[in-house]
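One letter stands for each residue in the lines below.
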Amino acid sequence: VKTPGIEVNRPSARTASDLQKNSILFALADDGAIHYGGQTMSLPGIGPLVKELRRDVDVPVIIQVDRDADGAQLAELIREAASTGAPVSVATLKP
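Residues numbered from 1 in each chain as written. Predicted model: local features only at pLDDT ≥ 70, side-chain atom pairs only at ≥ 80, totals over all residues. Heavy atoms only, no water.

Let's shift gears to the pairing of strand β1 (residues 24-28). Of all 5 residues making up β1, 5 are buried, and the element is well covered by its neighbours. Across the two faces of β1 the burial is the same, with Ile24, Phe26 and Leu28 and Leu25 and Ala27 all buried. Judged from the 5 bridges that link them, β1 and strand β4 (residues 61-65) form a sheet pairing that is parallel. Following the sheet pairing, Ile24 is matched in β4 by Val61. As paired elements, β1 and strand β2 (residues 34-36) share 2 bridges and run antiparallel to each other. (Buried < 20%, exposed > 50% of the residue type's maximum accessible area, 1.4 Å probe, protein only. Helix = DSSP H or I, 4+ residues; strand = E, 2+ residues; numbered from the N terminus. Pairing = 2+ DSSP bridges.)

Bringing the nonpolar core into the picture now. Counting residues in each nonpolar core, the largest one holds 18 residues, and the members touching the most others are Phe26, Ile46 and Val61. Among the secondary structure elements, those contributing two or more residues to this core are β1, β2, α1 (46-53), β4 and α2 (71-82). Beyond its immediate sequence surroundings of up to four residues, Ile46 is in contact with Phe26, Ile34, Met41, Leu77, Glu80 and Ala81. (Core = buried A, V, L, I, M, F, W, Y, C linked by side-chain atoms within 4.5 Å. Contact = heavy atoms within 4.5 Å.)

Let us now look at the pattern of salt bridges. Side-chain pairs of opposite charge can arise whenever the charged atoms involved come near each other. As enumerated under the stated definition, the model contains 2 salt bridges in all. Notably, a salt bridge pairs Glu52 with Arg55, separated by 2.1 Å at the nearest N-O pair. One salt bridge in this structure joins Asp58 and Arg54, with 2.8 Å as the shortest N-O distance. The buried category is assigned to Arg54, whose relative accessible area is 17%. (Salt bridge = Lys/Arg side-chain N within 4 Å of Asp/Glu carboxyl O.)

With that settled, consider α1. Among the residues of α1, those classed as buried are Ile46, Gly47, Leu49 and Val50. One side of α1 carries all its buried residues, which in axial view fall inside an arc of 165°. Pointing more than 90 degrees away from the buried face of α1 are the exposed residues Pro48 and Lys51. The elements touched by buried residues of α1 are β1, β2, β3 (39-41), β4 and α2. (Arc of directions from axis to C-beta.)

Before going further, it helps to spend a moment on the confidence of the model for the chain. This prediction gives the chain a mean pLDDT of 84; 76% of its residues lie at or above 70. Per-residue pLDDT stays below 50 along residues 13-20; that stretch engages in 10 contacts with residues further than four places along the chain or on separate chains. (pLDDT = per-residue confidence, 0-100.)

Encoded structure:
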C-alpha cells in the first residue's frame, strides 16, 4: 500500500469501518491536488492507474479527503475511480 504522500485534515463521521490494509489510497487536498504515492496526479490519470493496480488483485480504492476540499472535485474523483469497477470509499476519522 502506498500512502498518498500528504497529510489531509479529514472530517469525523458518526460511523466508520476500518480500512482494508490492501487498498489503493488517494488523497484529495484542500487545494484540489490529487496525490498517490507521494506524486501529484491529474484526474484523467486515475482510471488507468486503478485499472493497472487492480489487474492482478481485487482491492478497493480509499480516498482521504481534506475537510476543506471541493465536493464537486471529490465527486469527479469518485466517479473516475468507480468507472474501473473498483469499490470506492471515502476515509474519515473515527468519532
